[in-house]
Amino acid sequence: MESVEVKLYTVAQIRDWLEHNKPVNGLTNEVIRPAFAWSLMNHPDVLENDPIVAAIYDHGNLAASTCAFPEVLVKPIYRDENGNTKRIWWFPMLWVKKQYEGKGYGLVVIGSLAEVYGLDCAWTAWAVQESIEIFELLGCKTYYFPHYFMQDKHICTVSFRGKLAYVKQKVNKWWNYRKKPNLPHFDYFVRYLNYVDDLSYNFICRHSKDNFLLSSQRALNWAIQYPRRLSMPLAERVPKDGEYFQEMSTMLQYMFVQVWNNNNELIGVYFLKHEERGVTFDFIYYDESAADIVFASAVEHVIKLKATHCDTEDGELAKFIQEYLYFPRCRKENLSLSISSKVPFPDNFVKL
């Protein structure tokens, strides 16, 4: 194992690399995308000496990497044996180069970082099966929650047959859309923000009784103000650094949406991510009595942005979208949440 080296990188080292342009041994764009690293190091619950990136080098060559960021959750509250609130650490990614797969590097690189915080504090969500197995080895228990995807079929239009299939899908969408009922007209207005204010956060807290997880106001503001990815209009001119971080979007926009009724009352909020021709609705909270108005605002976003795909964690919103819009492909996927087995999980789980 002398030929294999694990390196941990702290916030201070990443700051030197990104902000002060100082080289840090082994730390490159291939280890972690700069925008991703910048986001992690600016989380409100992270400390300057916290290691947040780990990488494995096999004979000096990068073989695998992972990263993590901390969070002090509002719900569930996670405490140590003395009753003090503990930070949990989310692991949002793991990658291993193909030529090094099967060597256990994924477990080593995640375990090396998790040992610093305590294995019970290493959590992950939306993970692939290989990562889920690693976190279960570290003592996590995995739960699954539904996420809903609606989209057009992806068709390559290079060939004549592809162009024909694309036109056929357009006609099919138009024909099926005509059969849908008209979207109800509601009197409401929206406000777009790049932050979560006190009014909105109080609204979120009041409407989160069915949610298992609840982040702090500071963490929600971090999520919208420090995105892990950036718009890259000239994506074809961006250098390809390594093989993992190759996904690029020519247009990527994040916003926090407030929905108000005509009595000037806040009735709903959600995060909206607009990526080229797709939209994602996250962290959606609303008054049950005004759900249709909030859902209608989401549908109007899909129409206005000419989205060819959208997704949400809210099953009722997904049902509403499918009632008024037509997508050739609609599916529900059970996405993972791996957390410490010490945390009690409710039997009547409703929302993440």
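Here the structure is shown first, and the text comes after it.
The following paragraphs examine the structure supplied in this document. Bear in mind that the values here come from a model prediction, so they are computed numbers and not experimental data.

Let us now look at the sheet that holds strand β12 (residues 329-340). Pairing is mixed across the open sheet formed by 12 strands, whose spatial order is β1-β2-β3-β4-β5-β12-β6-β11-β10-β9-β8-β7. Because the sheet does not close on itself, it has two edges, and the strands there are β1 (4-10) and β7 (188-193). Taken over all neighbouring pairs, the strand axes of this sheet differ in orientation by 25° on average, direction set aside. Here strand β6 (residues 140-151) runs beside strand β11 (residues 309-312); their pairing, made up of four bridges, is antiparallel. Its bridge partner being in β11, Gln 151 is matched across the sheet by His 309. Those strands touched by helix α1 (residues 11-18) are β1 and β2 (51-58), and its axis lies near 80° from that of β1. With respect to the sheet, helix α8 (residues 291-304) is in contact with β7, β8 (252-261), β9 (266-275), β10 (278-286) and β11, its orientation differing from that of β10 by roughly 165°.

Let's shift gears to the environment of Leu 73. With respect to the helices and strands, Leu 73 occurs in the loop between β3 (61-71) and β4 (88-96). Overall, the relative accessible area of 7% leaves Leu 73 in the buried class. In sequence terms Leu 73 and Ser 216 are 143 residues apart; their C-alpha atoms lie 6.4 Å from each other.

The subject of this paragraph is the side chain of His 43. With respect to the secondary-structure elements, His 43 resides in the loop between α2 (34-41) and β2. Side-chain polar atoms of His 43 contact the backbone nitrogen of Asp 45, separated by 3.0 Å. Engagement of the side chain of His 43 in a polar contact is seen with the backbone oxygen of Pro 70, the distance being 3.2 Å. Setting aside residues no more than four positions away along its own chain, His 43 makes contact with Phe 69, Pro 70, Glu 71, Ala 219 and Trp 222.

Along the polypeptide, Ser 208 turns up in the loop between α6 (198-206) and α7 (217-225). Overall, Ser 208 belongs to the buried group, its relative accessible area being 2%. For Ser 208, the contacting residues outside a window of four places in its chain are Lys 75, Leu 214 and Tyr 285.

Turning our attention to the pairing of β6. Bridge analysis of β6 against β12 gives 12 bridges, and the strand direction is antiparallel. In the strand pairing of β12, Lys 141 is matched with Ile 339.

Grouped together as the largest cluster of nonpolar side chains are 60 residues, with contacts concentrated most on Ile 14, Ile 52 and Phe 91. Here this core takes seven residues from β4, the largest share from any one element. Of all hydrophobic cores here, the second largest spans 30 residues; its members include Met 255, Phe 281, Ala 296 and Val 299.

What counts, and at which threshold
- Residues numbered from 1 in each chain as written.
- Predicted model: local features only at pLDDT ≥ 70, side-chain atom pairs only at ≥ 80, totals over all residues.
- Heavy atoms only, no water.
- Pairing = 2+ DSSP bridges.
- Helix = DSSP H or I, 4+ residues; strand = E, 2+ residues; numbered from the N terminus.
- Axes fitted to C-alpha atoms, helices over the stretch in contact; angles between N-to-C directions.
- Contact = heavy atoms within 4.5 Å.
- Buried < 20%, exposed > 50% of the residue type's maximum accessible area, 1.4 Å probe, protein only.
- Polar contact = N/O pair within 3.5 Å; in protein donor to acceptor, adjacent residues only side chain to side chain.
- Core = buried A, V, L, I, M, F, W, Y, C linked by side-chain atoms within 4.5 Å.

Everything listed here is a matter of coordinates, which is why it stays silent on function.
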